[in-house]
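As a plain string of letters, each chain reads:
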Amino acid sequence: MSAANSQPSATSPSGAPALLPRHIAVMTLALVACSFAGNHVAARLAFENGTGLLLAVLCRSGVALLILISIVSLQRHSIRLPKGLGRWQLLVGLMITIQSLCLYSAVARVPVALALLTANTFPIILALLTWGLGGARPTLKSAALMLFILSGLVLALDLPGILGGGVTVTDEWWLGIAFALTAAMALSVAFWVTDHKLAALNGSVRSMFTMLVVFIAMIFAGVGNVLPGGMALPDALPGWIGLGVLVLLYGSAFSVLFITVPRLDMARNAPVMNVEPIATLLFGWVILDQMISPTQMAGGLIVVSGIVILTLRKSA
């Protein structure tokens, strides 16, 4: 999930603004999720018209960085990192850099909804990573939910049809799915480090440094020509529109989320953000003419519902 890229704190200190009525909070989060979904669809449009991958991430992270600098400045937070946290903050920034690049790489190769559904399986990877690093072992119910989510992903990707020979996919398709899974793994590592090493750091400050690392990494990657054509400008008007819209939607969603998060009761309402893949499916159909089969739609619903249930169990 794109909103998770910066993971604003779900808790607010004593004396924080009163929570919004739940229906307003839910509508706000749904709007944010739809904006993030539109950002990915706009990215695909930009990539199809010559826009470089590094340029898209650079523009997106640059806007997010400006927003976060403004928020940190207005709230007058200290930007001094406590001793020993610098290396963990750098690691989070690098993981989000990898996540951003891999997710956009997936979006450029497979239907946008499938890329998002695959990447949104990160809660499973996070649960297993936490267990492997000495955390709580997943309960039998949680393990069953994970298998439920994975079964939905199998249907969403139409693996039975592919393995049975009834559906033909290209090497680029497989590469796109691999990129989406890599994005999920990178995001899981970023969340684990945030929860276990950076939890005491203010959410806005932590996110500002994270976006700073992403922004600087994109500049170095572009100057070093790490990815040939990565800084290419759009070669047609739709590409410019896609680039402008992805920056606008991401920046708007980012702003709304960080400004209102203390009043959204995220511990209770965060599962609403899982409408992002569904919105992506709708936008991808309307704007990009990307269609998936009824079986894949059913698999997508299984994935989303399973993740919502898993999230609700964790926040209970």
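Predicted, not measured: the structure shown is a model, and the values here were computed from it.

J.: Explain the environment of Ser 252 to me, please; I cannot follow it from the model alone.
T.: Structurally, the position occupied by Ser 252 is in helix 10 (residues 237-260). Relative accessible area serves as the criterion here: at 34%, Ser 252 is assigned to the partly exposed category. Ser 252 sits 30 residues away from Gly 222 along the chain, and the two C-alpha atoms are 25 Å apart.

J.: Can you help me understand the side chain of Ser 207 in this one?
T.: On the secondary structure map, Ser 207 appears in helix 9 (residues 203-223). Overall, the relative accessible area of 1% leaves Ser 207 in the buried class. For Ser 207, the side chain forms a polar contact with the main-chain oxygen of Gly 203, separated by 2.9 Å.

J.: Help me out: how do you make sense of the UniProt feature "domain: EamA" (unreviewed entry) in the protein chain in this one?
T.: UniProt feature "domain: EamA" (unreviewed entry): in the numbering of this structure it lies at residues 24-156 and 175-311. Summarising residues 24-156: 79% helix, 0% strand, and an end-to-end C-alpha distance of 31 Å.

J.: Mind showing me how you'd approach the side chain of Gln 296 here?
T.: One can find Gln 296 in helix 13 (residues 294-315). Only 2.9 Å separates the side chain of Gln 296 from the backbone oxygen of Ala 156, close enough to count as a polar contact. In terms of polar contacts, Gln 296 uses its side chain to reach the backbone amide nitrogen of Ser 293, at 2.9 Å.

J.: Explanation requested: the packing of aromatic side chains in the structure shown.
T.: For any pair of aromatic rings, the description consists of the separation of the ring centres together with the inter-plane angle of the planes. All chains considered together, the criterion is met by five aromatic pairs. On the basis of an interplanar angle of 75° and a centroid distance of 5.5 Å, the ring pair of Phe 47 and Tyr 104 is categorised as edge-to-face. With Phe 47 in helix 1 (residues 22-47) and Tyr 104 in helix 3 (residues 86-107), this pair connects stretches of sequence that are 57 residues apart. For the pair Phe 47 and Tyr 104, one class covers both residues: buried. Between Tyr 250 and Phe 254 the ring centres are 5.5 Å apart and the planes differ by 35°, which places this aromatic pair in the tilted class. In this pair, Tyr 250 and Phe 254 are both assigned in helix 10, four residues apart and thus about one turn of the helix distant. Connected via pairs of aromatic rings, a cluster forms that spans Phe 36, Tyr 250 and Phe 254.

J.: Can you walk me through the packing of helix 4 (residues 112-119) against helix 12 (residues 276-288) in this structure?
T.: A pair of packed helices is characterised by two quantities: the angle between their axes and the separation of those axes. With their axes 8 Å apart at the nearest point, helix 4 and helix 12 run at an angle of 165° to one another. Here helix 4 is positioned roughly antiparallel relative to helix 12, judged by the angle of their axes. By crossing handedness, the relation of helix 4 to helix 12 is classed as right-handed. On helix 12, the residues touching Val 112, Ala 113, Leu 116 and Leu 117 of helix 4 are Glu 276, Pro 277, Thr 280, Leu 281 and Leu 288. Taken together, the residues of the contact of helix 4 with helix 12 break down into seven nonpolar, one polar and one charged.

J.: Quick question: what am I supposed to make of unusual backbone geometry here?
T.: Glycine aside, negative phi is the norm for most residues, and most peptide bonds take the trans geometry. Non-glycine residue Asp 158 carries a positive phi angle of around 55°. Relative to the helices and strands, Asp 158 resides in the loop between helix 6 (140-156) and helix 7 (159-163). Positive phi, close to 50°, is recorded for Asn 225, a residue that is not glycine. Take Asn 225: it is sitting in the loop between helix 9 and helix 10.

What counts and what doesn't
Residues numbered from 1 in each chain as written. Predicted model: local features only at pLDDT ≥ 70, side-chain atom pairs only at ≥ 80, totals over all residues. Heavy atoms only, no water. Helix = DSSP H or I, 4+ residues; strand = E, 2+ residues; numbered from the N terminus. Buried < 20%, exposed > 50% of the residue type's maximum accessible area, 1.4 Å probe, protein only. Polar contact = N/O pair within 3.5 Å; in protein donor to acceptor, adjacent residues only side chain to side chain. UniProt positions renumbered as here; feature names shortened; annotations may be inferred. Phe/Tyr/Trp six-rings, centres within 6.5 Å; stacked < 30°, edge-to-face > 60°. Axes fitted to C-alpha atoms, helices over the stretch in contact; angles between N-to-C directions. Parallel < 35°, antiparallel > 145°, perpendicular 65-115°, else oblique. Left-handed = near helix turned anticlockwise from the far one by under 90°. Contact = heavy atoms within 4.5 Å. Nonpolar A, V, L, I, M, F, W, Y, C, P; charged D, E, K, R; others polar.

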